[in-house]
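Structural characterization, general
Chain by chain, the residues run as shown.
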Amino acid sequence: MKKYLIIGSGFSGAVIAEQLSKNPENHITVVDDRNHIGGNCYTERDPETNVMVHKYGPHIFNTDNKEVWDYIQNFCEMVPFVNRVKSVYKGNVYSMPINLHTINQFFNKTMKPEEAKVFIESIAKKDIEEPQNFEEQAMKFIGEDLYKAFFYGYTKKQWGCEPTELPASILKRLPVRFNYNDNYYANPYQGIPRDGYTAIFEKMLDASNIEVKLNTKFDSSWDLSEYDHVFYSGPIDAFFDYKYGRLSYRTVYFEKSVTEGDYQGNPVINYADPEVPYTRVHEHKHFTPWEQHDKTAYFTEFSKETEENDIPYYPKRLKDDMEKLSLYEDEVKKMDKISFVGRLATYRYMDMHHVIGEALELIKKI
Ligand code: UDP
């Protein structure tokens, strides 16, 4: 018999547990410090409205990885879903991500695709060759006006720092399009699980050789020597008792409201004005358009720096963080029989499909 310990029951931990459980000779213990499985993907029905709520913020599954797309559907029915986001700026509603509609609305024009390309090229800062940060990346692709309107204020609120301090890779998450395609994601496979995400985790972890222990917080006093292999998906700095200092994360929190009918007419509306204290409003019933609900619950999202007991969401990866991270990574390299997996343990801005893809690849190697 081989014994495995998995710390964290988000997608990294759950996929690894599920894959290992196929061998009846394996015994897998999954621990999680929360009182539920699924990490930040956890969903539950809101008791007031019966709407399926993504407790830690909406998760829209999207991937270009066919293997991941096929894999996830062993555990759920994915209902095709296209996320169409709006952004409010100075009293007007615009289409997001930036597409031909946004450009024409913003500049009050009726340009065709080729005209818009030429126009944007004329205002983009093309002299920036290799963008070194978020701001330079934005200026190079869309120019100052669109950047200042849709990205500068939102990004300052979301990340709590100047966009010049942030990596260019964050902006590269969003496409810029010269047609009217307003699909928020560019990936070919997109959907929402019909019964929510928690049901996926329940199915993944439902095996006689998987033992799940909730409300169990891992700390460095644990003896790991009895396990053949350990998979750690918690924050990398916490694993080492923050000995090189804390890595910075942004956290988000939500204010819930309930009303009758349809509150905002769309799943997500972003608020780009810096004076508006929140970043976006999520109305969760629009993520399950196949369900009928008379009432609606909507959640206003605020962003702040993490304090002691906050849930870490977004790794900031500022210069100082990256220096600390490399010290922690050097420690990791010296260890064997333990793998650091997923967003928190590798301190990267990863989507669900990245996490699942990497977990599947890791298991193939082990
Ligand atoms: N962003 C922005 N304005 C928007 C939407 C996004 O400035 O209306 C920036 C912001 O810095 C954000 C990043 O683009 O963190 C990536 O956006 P995405 O929607 O992928 O973020 P997530 O949904 O992961 O929070």
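All of these numbers come straight from a predicted model, not from anything done at the bench.

Some remarks on the overall build of the chain
A count of helices and strands for the chain gives 10 helices and 17 strands. Its C-alpha atoms give the chain a radius of gyration of 22 Å, near enough to 21 Å, the size a compact globule of 366 residues would have. Projected onto its principal axes, the C-alpha positions of the chain cover 70 × 50 × 35 Å. Relative to its 366 residues, the chain shows a buried fraction of 37%. For the chain, restricting intrachain contacts to residue pairs at least 6 apart in sequence, the fraction spanning at least 24 positions comes to 73%.

Points about the nonpolar core
Core analysis: the biggest nonpolar cluster contains 47 residues, and Ile6, Ala17 and Leu205 have the highest contact counts within it. Per element, the largest residue contribution to this core is six residues, and it comes from helix H1 (residues 11-20). With residues near it in sequence (within four places) discarded, Leu205 still touches Ser9, Ala14, Ala17, Val30, Ile37, Ile210 and Val212.

Quick look at the UniProt feature "domain: UDP-galactopyranose mutase C-terminal" (unreviewed entry) in the chain
Following the UniProt record, one finds the feature "domain: UDP-galactopyranose mutase C-terminal" (unreviewed entry) at residues 149-349. Annotated as 21% helix and 24% strand, the span residues 149-349 places its first and last C-alpha atoms 24 Å apart.

Quick look at the environment of Gly143
Mapped onto the fold, Gly143 is located in helix H5 (residues 134-159). Gly143 sits 71 residues away from Ile72 along the chain, and the two C-alpha atoms are 39 Å apart. Those residues in contact with Gly143 that lie beyond four places of it in its chain are Ile120, Ile123, Ala124 and Lys125.

Overview of the domain arrangement of the chain
Taken domain by domain, the chain consists of domain 1 (2-79 + 194-247 + 317-365) and domain 2 (85-173). In this structure, domain 1 and domain 2 have C-alpha centres spaced 34 Å apart.

Some details on the site of the ligand
If you check the shell around the ligand, you find 13 residues, and the closest are Phe151, Tyr154, Thr155, Arg173 and Asn270. For the shell around the ligand, a count of residues per class yields eight nonpolar, four polar and one charged.

Comments concerning the pairing of strand E1 (residues 2-7)
Direction of pairing for E1 relative to strand E2 (residues 26-31): parallel, over a ladder of six bridges. Bridge pairing links Leu5 to Thr29 in E2. Regarding the hand of the β-α-β motif, the stretch spanning E1, H1 and E2 is right-handed. Strand direction decides the pairing type here: E1 and strand E11 (residues 229-232), joined by four bridges, are parallel. Across the sheet, Ile7 pairs through a bridge with Tyr232, a residue of E11.

Here's the deal with the sheet that holds strand E7 (residues 85-89)
Adjacent strands of a sheet form backbone hydrogen bonds with each other and so pair up, either parallel or antiparallel. Here seven strands make up an open sheet; going across it, the order is E8-E7-E13-E14-E15-E12-E16 and the pairing mixed. For this open sheet the edge positions go to strand E8 (92-96) and strand E16 (314-315), each flanked by a neighbour on one side alone. Across four bridges, strand E14 (residues 280-283) lies against strand E15 (residues 295-305) in antiparallel orientation. Looking at E15, one finds that His282 is bridged to Phe299.

Concerning unusual backbone geometry
Residue Pro97 follows Met96 across a cis peptide bond; omega there is -5°. Among the structural elements, Pro97 can be located in the loop between E8 and helix H3 (100-107). Within the chain, Lys90 stands out as a residue other than glycine whose phi angle is a positive 45°. As for its position among the elements, Lys90 is in the loop between E7 and E8. The exposed category is assigned to Lys90, around which 9 C-beta atoms lie within 10 Å. Phi at Asn108 takes a positive value of approximately 55°, unusual for a residue other than glycine. Judged by local crowding, Asn108 falls into the exposed class, with 6 C-beta atoms found within 10 Å.

Let's talk about the confidence of the model for the chain
Per-residue pLDDT for the chain averages 97, and the proportion of residues at 70 or more is 100%. For this predicted complex, the interface score ipTM comes out at 0.98, while the overall pTM is 0.97.

Considerations on the packing of H1 against helix H10 (residues 352-365)
Remark: H1 packs on H10, axes separated minimally by 9 Å, with the N-to-C direction vectors making an angle of 35°. Considering how the two elements wind past one another, H1 and H10 form a crossing that is right-handed. Contact residues: Phe11, Ser12, Val15, Ile16 and Gln19 in H1; Met352, Val355, Ile356, Ala359, Leu360 and Ile363 in H10. Of the residues in the contact of H1 with H10, the class split is nine nonpolar, two polar and no charged.

Examining H5
Across its 26 residues, H5 extends only 11 Å between first and last C-alpha, which sits more than 12% below the 38 Å expected from 1.5 Å per residue. Along H5, the sharpest change in direction is near 120° and occurs at Gly143. Gly160 lies just past H5 and shows a positive phi near 70°.

Cut-offs used in this document
Residues numbered from 1 in each chain as written. Predicted model: local features only at pLDDT ≥ 70, side-chain atom pairs only at ≥ 80, totals over all residues. Helix = DSSP H or I, 4+ residues; strand = E, 2+ residues; numbered from the N terminus. Rg over C-alpha atoms; globule rule 2.2 N^0.38 Å. Buried ≥ 20, exposed ≤ 12 C-beta atoms within 10 Å, placed from the backbone. Contact = placed C-beta atoms within 7 Å. Core = buried A, V, L, I, M, F, W, Y, C linked by C-beta atoms within 7 Å. UniProt positions renumbered as here; feature names shortened; annotations may be inferred. Domains from an automatic or database assignment. Near = placed C-beta within 6 Å. Nonpolar A, V, L, I, M, F, W, Y, C, P; charged D, E, K, R; others polar. Pairing = 2+ DSSP bridges. Right-handed = clockwise from strand over helix to strand, strands pointing away. pLDDT = per-residue confidence, 0-100. Axes fitted to C-alpha atoms, helices over the stretch in contact; angles between N-to-C directions. Left-handed = near helix turned anticlockwise from the far one by under 90°. Expected span 1.5 Å × (residues − 1). Bend = angle between axes of the 7 residues up to and from the residue.

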